[in-house]
Amino acid sequence: MPALLSAFVPIWLLTAAGWAAARSGVLGEQAEAVLGRFVFHIAMPASLLAMLARTPLRDLADPSLLGFAAGTVIVFLLGKSASRRLFGRDPADQALGGMAAGYVNSANLGIPIATQVLGSASFVVTVVLFQVLTVTPVILALLDRGTRRSDRSPLRDLLLLPLRNPIVLASAAGAALSGLHWQLPTALSGSCTLLGQAAVPTALVTLGMSLHGRGERAAVPDVSDAPDATATAAAAATADAAADARALAARELALTLALKNLVQPALGYLLGRWVLHLSPHQLFAVVLCSALPTAQNVFVFAREYGRPTALPRNAVVASTVLSLATLSLIGYLLGPAG
């Protein structure tokens, strides 16, 4: 438990700092939007470029990754399907619903947890590569297509995506450098690394600012000039609609958390043990990484594409809190002492 807590505490503190900054207004009314754009357009691309350029792509050959990847894809599809069939979300929000259910916090939380619990971060590095090089481009392509009003073909939009999206462009450039065994110049690599170190803390501060609730309060119709009976009926209808919306959002969040904190690690276990026949240590690594909470990237992407951020924000916070219990249970059951 102390090992897990040491990895979680910075996340909670930085999120709390963002909430306090929003409540006090010390950074101004536009801080949340500006910091979100900084993360998406500058800090995160710099981090991905530096990381991928120095990481051998052969790490993706780890056979354990197949168990994690299969579970991730299944949960993503389940989350996306539920967003469409159960909650009537549009295509862009369906992609975010799937991402909230299946995209794990593999870097800033997974690496320290793997180092302390597994004794090595080697497997979680492959998880990072898998998410960055395969899952992220797919999600961004779905978001891009779902939010653009374009007559171009989906294939053309997909091919042009790297030119429009700095995260995909940086990931592609980093993978190309790694594949060609080329190194960034020392000054450029150091600058990207330094800038990239701001991505996670800034994203967490931005996430905390969104918890204060500014900018997402539902607009209430003005009925002050309406006749009393009309005003009363309008107020009742508004209250009923707000209650229905809250209930729907609560059900959607509950399903997302069930997929993320329960279904995904369960799939990792079933696939790893009964399909891939992994060793106990490999199985432990797959299940542990599958149980990591939702990454803050889903909130960053939702904000950048102008989508509602309530589900991504709440999924990140709630799954992080719940994962402290689920990760501890997994460590007890599957760890060396389990």
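The shown structure was predicted, so the numbers you read here are calculated from the model rather than taken from an experiment.

## Observations concerning the overall build of the chain
- Within the chain one finds 14 helices and 0 strands.
- Order of helices (α) and strands (β) in the chain, N terminus to C terminus: α-α-α-α-α-α-α-α-α-α-α-α-α-α.
- The proportion of buried residues among the 338 residues of the chain is 46%.
- Within the chain, contacts between residues separated by at least 24 positions form 82% of all contacts whose residues are at least 6 apart in sequence.
- Taken as a whole, the chain presents about 16,100 Å² of accessible surface, with 67% of it coming from carbon and sulfur.

## Focus on the pattern of salt bridges
- All told, the structure shown has 4 salt bridges when counted by the stated rule.
- As a salt-bridge pair, Arg303 and Glu32 come within 2.9 Å of each other at their nearest N and O atoms. Of the two residues, Arg303 sits in helix H13 (residues 297-304) while Glu32 sits in helix H2 (residues 31-53), which places them 271 residues apart along the sequence.
- Ionic contacts of the salt-bridge type, sharing partners, join the residues Asp90, Asp93 and Arg307 into one network.

## Notes on unusual backbone geometry
- One non-glycine residue, His181, lies in positive phi territory at about 60°.
- When you line up the elements, His181 lands in the loop between helix H8 (166-179) and helix H9 (186-196).
- The backbone phi angle of His277 is positive, close to 55°, even though this residue is not glycine.
- By the secondary structure assignment, His277 is in the loop between helix H11 (228-275) and helix H12 (280-290).

## A short note on the packing of aromatic side chains
- Within the structure shown, the criterion is met by 4 aromatic pairs.
- Centroid distance Phe8 to Trp12: 5.6 Å. Interplanar angle 35°. Geometry classified as tilted. Taken together, the residues span about one helical turn, with Phe8 and Trp12 both in helix H1 (residues 2-24) at a distance of 4 residues.
- When its relative accessible area of 32% is taken as the criterion, Trp12 is described as partly exposed.

## Some words on a nonpolar patch on the surface
- Side chains of Leu5, Val9, Trp12, Leu13 and Val321 sit close together on the surface and give an oily, nonpolar patch of about 410 Å² of accessible area.
- Element by element, the count of residues in the nonpolar patch is highest for H1, at 4 residues.
- Tracing the backbone shows Val9 in helix H1.

## Description of the packing of helix H3 (residues 64-85) against helix H4 (residues 91-102)
- Where H3 contacts H4, the two axes come as close as 7 Å, and the packing angle between them is 140°. In terms of axis orientation, H3 runs oblique to H4. In this structure, H3 crosses over H4, and the sense of that crossing is right-handed. Counted together, Thr72, Val75, Phe76, Gly79, Lys80, Ser83 and Arg84 of H3 and Asp93, Gln94, Ala95, Gly97, Gly98, Met99, Ala101 and Gly102 of H4 form the full contact between these two elements.
- In terms of residue class, the contact of H3 with H4 is made up of 5 nonpolar, 7 polar and 3 charged.

## Remarks on H2
- Its 23 residues give H2 an end-to-end C-alpha distance of 31 Å, which sits within 8% of 33 Å, the value for a rise of 1.5 Å per residue.
- A maximum bend of about 45° is found in H2 at Val39.

## Details of H8
- For H8, with 14 residues, the first-to-last C-alpha span of 20 Å sits near the 20 Å given by 1.5 Å per residue.
- Among the residues of H8, Pro166, Ile167, Val168, Ala170, Ser171, Gly174, Ala175, Leu177 and Ser178 are the ones counted as buried.
- One side-chain oxygen at the N-terminal end of H8 lies 2.9 Å from the backbone nitrogen of Ile167; it belongs to Asn165.
- Looking one or two places after H8, you find His181, whose phi comes out positive at around 60°.

## Brief notes about the side chain of Thr206
- Considering the arrangement of structural elements, one finds Thr206 in helix H10 (residues 199-211).
- Sequence-distant contacts of Thr206, defined by excluding residues within four places in its chain, comprise Glu32, Leu35, Gly36 and Phe299.

## What about the UniProt feature "transmembrane region" (unreviewed entry) in the chain?
- Here, the residues flagged by UniProt with the feature "transmembrane region" (unreviewed entry) are residues 34-53, 65-83, 121-143 and 314-335.
- Annotation note: span residues 34-53, helix share 100%, strand share 0%, distance between end C-alpha atoms 28 Å.
- For residues 65-83, the helix share is 100%, the strand share is 0%, and the end-to-end C-alpha distance is 27 Å.

## Overview of the nonpolar core
- With 65 residues, the main nonpolar core has Phe68, Ile113, Phe123, Ile139, Leu140, Leu143 and Phe301 as its most contacted residues.
- Element by element, the count of residues in this core is highest for helix H6 (residues 122-147), at 11 residues.
- In this structure, Ala50, Leu177, Leu184 and Cys192 belong to the second largest nonpolar core, which totals 8 residues.

## Examining the confidence of the model for the chain
- Confidence along the chain averages 87 in pLDDT terms, with 86% of residues attaining 70 or more.
- Under a pLDDT of 50 for its full length, residues 214-221 has, in the predicted model, 11 contacts with residues more than four places off or in other chains.

About the criteria used
Residues numbered from 1 in each chain as written. Predicted model: local features only at pLDDT ≥ 70, side-chain atom pairs only at ≥ 80, totals over all residues. Heavy atoms only, no water. Helix = DSSP H or I, 4+ residues; strand = E, 2+ residues; numbered from the N terminus. Buried < 20%, exposed > 50% of the residue type's maximum accessible area, 1.4 Å probe, protein only. Contact = heavy atoms within 4.5 Å. Areas by Shrake-Rupley, 256 points an atom, 1.4 Å probe, with all protein chains shown as cover. Salt bridge = Lys/Arg side-chain N within 4 Å of Asp/Glu carboxyl O. Phe/Tyr/Trp six-rings, centres within 6.5 Å; stacked < 30°, edge-to-face > 60°. Patch = residues over 30% accessible without salt bridge, like charges linked within 9 Å, V, L, I, M, F, W, Y side chains within 5 Å. Axes fitted to C-alpha atoms, helices over the stretch in contact; angles between N-to-C directions. Parallel < 35°, antiparallel > 145°, perpendicular 65-115°, else oblique. Left-handed = near helix turned anticlockwise from the far one by under 90°. Nonpolar A, V, L, I, M, F, W, Y, C, P; charged D, E, K, R; others polar. Expected span 1.5 Å × (residues − 1). Bend = angle between axes of the 7 residues up to and from the residue. Polar contact = N/O pair within 3.5 Å; in protein donor to acceptor, adjacent residues only side chain to side chain. UniProt positions renumbered as here; feature names shortened; annotations may be inferred. Core = buried A, V, L, I, M, F, W, Y, C linked by side-chain atoms within 4.5 Å. pLDDT = per-residue confidence, 0-100.

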